[in-house]
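# Structure assessment
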Amino acid sequence: MNFIRGVIGGQPSGAQPSGVETIQKLCDRVASSTLLEDRRDAVRALKSLSKKYRMEVGTQAMDHLIRILQTDRSDSEILGYALDTLYNIICNDEEEDQEDTQKRQDDVGAQFTERFIQEPENITLLLSLLEEFDFHVRWPGVKLLTALLKCQCTQLQGIILVSPMGVSRLMDLLADSREVIRNDGLLLLQQLTKGNAAIQKIVAFENAFERLLDIISEEGSSDGGIVVEDCLLLLVTLLKNNSSNQNFFKEGSYIQRMKPWFEVGDDNSGWSAQKVTNLHLMLQLVRVLVSPVNSPGATSSCQKTMFQCGLLQQLCTILMATGVPADILTETINTVSEVIRGSQVNQDYFASVNAPSNPPRPAIVVLLMSMVNERQPFVLRCAVLYCFQCFLYKNQKGQSEIVATLLPSTIDANSISAGQLLCGGLFSADSLSNWCAAVALGHALQDNLTQKEQLLRVQLATSLGKPPVSLLQQCTNILSQGSRVQTRVGLLVLLCTWMSNCPIAVTHFLHNQDNVPFLTAQISENLGEDERLVQGLCALLLGICIYYNDNSLENYTKEKLKQLIEKRIGKENFVEKLGFITKHELYSRAAQKPQPTFSTPEHMLFDHEFTKLVKELEGIITKAVHKSSEEEKKEEEVKKTLEQHDSIVTQYKELIREQDTQLNELKEQVASLTSQNEQMQTTLTQQLSQIQQHKDQYSLLKLKLGKDSAVSGQAEGAQENGLQLEELTLLRDELEELRRQHAQLQTQLAEKDTLIASLKANGERSGEGSEVETAELLKEVEALRVQVRSQGAEISTFQSERQELQRRADSAQAAAAVSVVDAGAVSKVAELESRLSAQTADTHRLQEELRSLSDSRASLEKELASATSTAAILQAEKSKLQQEVSESKKEQDDLLMLLADQDQKILNLKQRLKDLGETIEDEDDLDARDQSEEDDEEEEEEEEEDE
């Protein structure tokens, strides 16, 4: 103890020891002292020296401090001193005035961090110390691990990832009741999850979303402090570019818990800086879930959930509220934009939102008023443009509604419409308004041929006393007047979007005799650097007039326009000017993401959707300009051949659809016949049961007749005759029932004949299906044959029974003749004989009907065999036609492969010329590459169509 006091308090006499000597003595004391108190005091002294002598303490004491962490786990005080000392070595908290000094200190921290993590066991030891609940151990451990992550994040992430329960131990920090540890735990997790998707997933599945949302709610949501900001930063890190966590967040119903964050009151004045920051991060979190860079399915699912839980409605409320800070309003507009982008339900809801004005106006109109107002902030105008673009993205209904506000029949003079605002911005004096209005109107026409044609009907009144001109003509007039570059670029973007894939618009444009000379003059001139983009867009517009030209104007056919380019401009010069567009530095920036993000208004020259259109048209136009008339004819012939093949394929598809319809109808018929057959089987079973009952009754009658005595011959004969008459009556009724059943069978056989005739008529289109239906019908006919044979057997049984009754009647008549018979008995016997004769005639008639049914059955079998043969022939013809179609497609693919090979050979020859020293311009190589890429795209499209 005296030694420590001497080191810290100074020595009374003699030379004072230097810092290095003191540190060396303290390290020796830590290593050699056997008393815990001595080691504790030495470590405390090292801690006090670690900030001033950072390098010395780190170099000499780090190993001793790590050993203390391993051996003195029972004493929390010495563990805390050791952790604090290591933290001071690795992280320099002192503020430095000079940047060089700060950089040197950071290098020292990285050096000691690398030394500390050379042994992964040190990190495992540190993670185990975080399980200690003692404040003096846990808090320094959290700070030390955070400092290590700041210096060597990637290496430390790998060690923690493979450490058992490493991430789980760190997640326990969020549940600590001491706020300082919980808050530092948030900072630790922020560093830990940066750029590591695997750790992000583990943290998410350790219930991080639930805990973070609970902390945000406890801290007051948007009105909370810095802790809310840290939670939101961690949530953004966990969800950004991590589809697994995004899906987990949505499936866990955490989106619904975000709605209360955006509930703002009527009084929006006096927002604190922290509240603005928190709300910014909350809006950013929403945008992370619906970002256009996410997979379309995940984005669509989150958009649907946000509408169902009312989050979109809450955002629209902020959008229309008063007193909201400008930066929050701008970010809210961007957030609403991505929530509705590509979602028809959300877009329809946004179209129905009205601003709280008198009279109420649609939110779209209010936003467009801000976009074309040059006094509004630049970032706000960009946000409104992005919102309008997202509202029209894949929304043909919204596009038609916007264009309809420009048509003469729908214009309302008493209200301001979106179309009027766009036209006003298009022709205003502010170049940024011109560009924004032109791009917005172009999005109303994107991939919508109907609206492109409808917009040709728009007429504008330029001045009093002059006839109105079309919107297309007015755009070209302003373009030719030589306005600012941004205005001309916006108009050219609109015209290119309007006329692409719309031959009618191209015809209207070419109908004005001044347009083509203006474009050729612009392209052929040698202008400054600022005008090169305008020249490229003019070349693109002229190329669209060539490619989408329907040759309806004699003076401006495709061939004549190409000749004009060759004479006035030159093909190579034309292609060079066309290439200026994609070489522009702002082109690649706009092509990265849909949201327009520009530092200054002068940089707003390109739109994201327009960059995709340029990429699509550049190669096509270059190829079209270089084609000769013979090549075009050949291409047209190839197109016609392909169209013929397509028509054949379409016909076969229609034939297959018809066959499917017929098969469904036949299946319904078979189901109906099967049902009828089941009903007939049920009826037959009932009849057989009744016949059996009659047979039993007949047997009982026979027994009664055998037991009767011959005491009174007349009475007995009369009784026997009465019983025979009753039996004959029953037999006659049963025979009538059999006749009725035979009539039903004949009707059903006639229906089968009709169905077979129908199968013959439809045999040419039925194929394999008819064979199946025919087999089923044969089974049903065979079942009917069994029924007929059963009926015949029953009739034979009734005939034998009738003969027995006849015999008994004869014996009864003989007995009556021997005995004394009255006149009444004789007449009854005579009546019985006549009935028996009639029954015999009925039996013969039934036998004739059976023979007729047998003949019908034989003819039905012949007809079925003929139908089966016809179906087989038709199936063979169908297979042959399908094989011919397959061969045609194969020939078409071979032709495309030959074209690709030819292009490759041309490229090889050009390369050989370059190797031999010949001068080949770079534009030719670019054309060859573009042509090869175009052929590959056409081949892929053909394969997709074949699939």
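Sequence order as written defines residue numbering, which begins from 1 separately in each chain. Per-residue local features are limited, in this predicted model, to residues with pLDDT of at least 70; the limit for side-chain atom pairs, both in listing and counting, is 80 or more; totals at the level of whole chains, interfaces and linings are taken over all residues. To get the side-chain values, all heavy atoms of the structure are used, and hydrogens and water are removed first.

## Regarding the overall build of the chain
Operational definition: Each helix corresponds to a stretch of at least 4 residues labelled H or I by DSSP, and each strand to a stretch of at least 2 residues labelled E; elements are numbered beginning at the N terminus. Only protein chains enter the accessibility calculation, which uses a 1.4 Å probe; a residue whose area is less than 20% of its type maximum is buried, one above 50% is exposed, and one in between is partly exposed. In this description, contact between two residues means that some pair of their heavy atoms is separated by no more than 4.5 Å. Each accessible area is a Shrake-Rupley result for a 1.4 Å probe, and residues are judged covered by the shown protein chains and nothing else.
When helices and strands are tallied, the chain shows 40 helices and four strands. In the chain, which comprises 947 residues, the share counted as buried stands at 46%. Summarising the internal contacts of the chain: among those between residues at least 6 apart in sequence, 73% fall at separations of at least 24. Counting only carbon and sulfur atoms, one obtains 50% of the accessible surface of the chain, whose full area is about 47,500 Å².

## Concerning unusual backbone geometry
Phi at Met165 takes a positive value of approximately 60°, unusual for a residue other than glycine. Judged by relative accessible area, Met165 falls into the exposed class, the value being 54%. We note that Asn501 has phi near 60°; this positive angle belongs to a residue other than glycine. Residue classification places Asn501 among the partly exposed residues on the basis of a relative accessible area of 49%.

## Observations regarding the state of the cysteines
To keep it simple, the criterion reads: Disulfide assignment relies on a single distance test, namely cysteine sulfur atoms paired within 2.5 Å.
Scanning the entire structure with this criterion turns up zero disulfides. Unpaired in terms of disulfides, Cys382 finds its nearest cysteine sulfur in Cys436, a separation of 6.3 Å. Residue classification places Cys382 among the buried positions, given a relative accessible area of 7%. Given the relative accessible area of 1%, Cys436 is considered buried.

## Brief notes about helix α12 (residues 197–205)
Using the following cut-off: Arc definition: it is the arc formed by the directions from the helix axis to the C-beta atoms. By the criterion applied in these results, polar contacts are pairs of N or O atoms within 3.5 Å in which, for protein atoms, one can donate a hydrogen and the other can accept it, and in which residues neighboring in sequence qualify only through two side-chain atoms.
Within α12, the full set of buried residues consists of Ile199, Gln200, Val203 and Ala204. Projected down its long axis, α12 shows its buried positions confined to an angular sector of 140°, all on one face. Where α12 begins, the side chain of Asn196 points an oxygen toward the backbone nitrogen of Ala198, at a separation of 3.2 Å. Of the residues trailing α12, Asn207 is marked for its positive phi of about 70°.

## Some remarks on the packing of α12 against helix α15 (residues 243–251)
We count it as follows: Lines fitted to C-alpha atoms define the axes, with helix axes restricted to the stretch in contact, and inter-axis angles between N-to-C directions lie between 0 and 180 degrees. When describing relative orientation, an angle under 35 degrees is termed roughly parallel and one over 145 degrees roughly antiparallel, while 65 to 115 degrees is termed roughly perpendicular and anything else oblique. Crossing chirality is assigned from the near helix's rotation relative to the far helix, an anticlockwise turn below a right angle marking it left-handed and a clockwise turn marking it right-handed.
Closest axis-to-axis distance for the α12/α15 pair is 9 Å, and the angle between their directions is 15°. The angle between α12 and α15 places the two elements in the roughly parallel class. Regarding α12 and α15, the two cross each other, and that crossing is left-handed. Contacts between α12 and α15 involve Gln200, Lys201, Ala204 and Phe205 on the former and, on the latter, Ser244, Asn245 and Phe248.

## Some remarks on the side chain of Asp607
Counted only if it meets this: Here Asp and Glu are counted as negative and Lys and Arg as positive; His is not counted, and neither are the chain ends. Basic side-chain nitrogens of Lys or Arg form a salt bridge, by our definition, when they fall within 4 Å of a carboxyl oxygen of Asp or Glu.
Position of Asp607 among the secondary structure elements: in the loop between α34 (585–592) and α35 (608–626). The side chain of Asp607 is buried and forms no salt bridge, while Lys612, the nearest opposite charge, is found at 8.7 Å. Only 3.3 Å separates the side chain of Asp607 from the backbone nitrogen of Glu609, close enough to count as a polar contact.

## A short note on the layout of surface pockets
The criterion, for reference: Cavity: a set of points on a 1 Å grid over the protein atoms alone where a 1.4 Å probe fits but cannot get out. Pocket: an open set with protein on both sides within 12 Å along at least five of seven lines, its lining residues, like those of a cavity, having an atom within 4 Å of a point. Grid points are joined across faces, edges and corners, and a volume is the space filled by probe spheres set on the points. Residues are sorted three ways: Asp, Glu, Lys and Arg are charged, Ala, Val, Leu, Ile, Met, Phe, Trp, Tyr, Cys and Pro are nonpolar, and all the rest, Gly among them, are polar.
Estimated volume of the second largest pocket: approximately 570 Å³. In terms of lining residues, the second largest pocket is bounded by 26 residues, among which Gln446, Asp447, Lys452, Leu613 and Glu616 are the most central. Elements that contribute at least two residues to the lining of the second largest pocket include exactly α22 (378–392), α23 (396–404), α26 (449–455) and α35. Residues that form the lining of the second largest pocket fall into these classes: nine nonpolar, 10 polar and seven charged.

## Section: a negative patch on the surface
Quick reminder of the rule: Patches draw on residues past 30% relative accessible area with no salt bridge. Two like charges within 9 Å are joined, as are two nonpolar side chains (Val, Leu, Ile, Met, Phe, Trp, Tyr) within 5 Å. The atoms used to mark charge sites are NZ of Lys, CZ of Arg, CG of Asp and CD of Glu.
Together, Glu884, Glu887, Glu891, Asp893 and Asp894 give the surface a local cluster of negative charge. Secondary-structure assignment places Glu891 in helix α39 (residues 823–915). Note on Glu891: relative accessible area 55%, which makes it exposed.

## What about the confidence of the model for the chain?
Condition: Across the chain, each position has a pLDDT score giving the predictor's confidence in that residue, from 0 to 100.
Scored by pLDDT, the chain has a mean of 80; 75% of the residues are at 70 or more. Here residues 709–723 scores under 50 on pLDDT; set against residues more than four positions off or in separate chains, the count is 14 contacts.

## Digging into the packing of aromatic side chains
Definition in use: Think of it this way: a Phe, Tyr or Trp ring, Trp meaning its six-membered ring, pairs with another when their centres are within 6.5 Å, and the plane angle makes it stacked under 30 degrees, edge-to-face over 60, tilted otherwise. Working rule: Lys NZ or Arg CZ, within 6 Å of ring centre, within 35 degrees of ring normal, means a charge sits over the ring.
In total, this model carries 10 aromatic pairs according to the counting rule given. Residues Phe135 and Trp139 carry aromatic rings whose centres are separated by 5.4 Å and whose planes lie at 25° to one another, so their mutual orientation is stacked. Highlighted residues: Phe135 and Trp139, both in helix α8 (residues 135–151), separated by four residues, approximately one helical turn. The partly exposed category is assigned to Trp139, whose relative accessible area is 25%. Both rings, one in Tyr587 and one in Phe606, keep their centres 5.6 Å apart while their planes meet at 90°; by these two values the pair is edge-to-face. Here Tyr587, found in helix α34, pairs with Phe606, found in the loop between α34 and α35; they are 19 residues apart in sequence, far enough to count as distant. There is no split in this pair, since Tyr587 and Phe606 are both buried. The structure contains a cluster of three or more aromatic residues connected by ring pairs, namely Phe205, Phe209, Phe248, Phe249 and Tyr254. The ring of Trp139 carries the charged tip of Lys143 above its face, separated from the ring centre by 4.1 Å. Of note, Arg178 hangs over the ring of Phe133, and the distance from its end group to the ring centre comes to 3.9 Å.

## What to know about empty space enclosed by the protein
Under the criterion given, the structure shown has 11 cavities of 30 Å³ or more. Its volume calculated, the second largest cavity comes out at about 90 Å³. Forming the walls of the second largest cavity are 14 residues, and the residues nearest its centre are Ala590, Gln595, Pro596, Thr597 and Phe598. Elements that contribute at least two residues to the lining of the second largest cavity include exactly α22 and α34. Taken together, the residues of the lining of the second largest cavity sort by class into seven nonpolar, four polar and three charged.

## So, the nonpolar core
What counts here: Here, the term nonpolar core denotes a set of buried Ala, Val, Leu, Ile, Met, Phe, Trp, Tyr and Cys residues that are joined through side-chain atoms within 4.5 Å.
Leu145, Leu170, Trp261, Phe262, Phe350, Leu540 and Phe574 are the most contacted members of the largest nonpolar core, which totals 206 residues. By residue number, the principal contributor to this core is α22, which donates 12 residues. Other than its neighbours up to four places away in sequence, Leu540 contacts Cys496, Leu578, Ile581, Phe610, Val614, Leu617 and Ile621.

## Some thoughts on the pattern of salt bridges
Counted according to the given criterion, the structure contains 24 salt bridges. Arg138 is the partner of Asp176 in a salt bridge, and the nearest nitrogen-oxygen pair spans 2.7 Å. Here Asp176 is found in the loop between α10 (166–171) and α11 (179–193), whereas its partner Arg138 is found in helix α8, with 38 residues between them in sequence. The pair Asp176 / Arg138 is uniform in exposure class, with both members buried. The salt bridge involving Arg287 is made with Glu338; its shortest N-O contact spans 3.0 Å. With a gap of 51 residues between them, Arg287 in helix α16 (residues 273–289) and Glu338 in helix α19 (residues 326–340) connect regions that are remote in the sequence. Side by side, Arg287 and Glu338 carry an identical accessibility label, which is buried. A single salt-bridge network, built from bridges that share partners, covers Arg40, Asp41, Arg44, Asp75 and Glu77.

## Points about the side chain of Gln486
Residue placement: Gln486 occurs in helix α28 (residues 485–499). Polar side-chain contacts of Gln486 include one of 2.7 Å to the backbone oxygen of Pro601. In contact with Gln486, other than residues within four places in its own chain, are Ser431, Leu432, Trp435, Pro601, Glu602, Met604 and Leu605.

## A look at a nonpolar patch on the surface
A surface patch of nonpolar side chains, amounting to about 250 Å² of accessible area, comprises Leu161, Val162 and Ile202. Topologically, Leu161 is positioned in helix α9 (residues 153–162). On the accessibility criterion, Leu161 (34% relative accessible area) is partly exposed.

## Considerations on the environment of Phe135
The class for Phe135 is partly exposed, based on a relative accessible area of 28%. Sequence spacing of Phe135 and Arg178 is 43 residues, and the spatial spacing of their C-alpha atoms is 8.7 Å. Each residue touching Phe135, except ones within four places of it in the same chain, is listed here: Pro140, Arg178, Val180 and Ile181.

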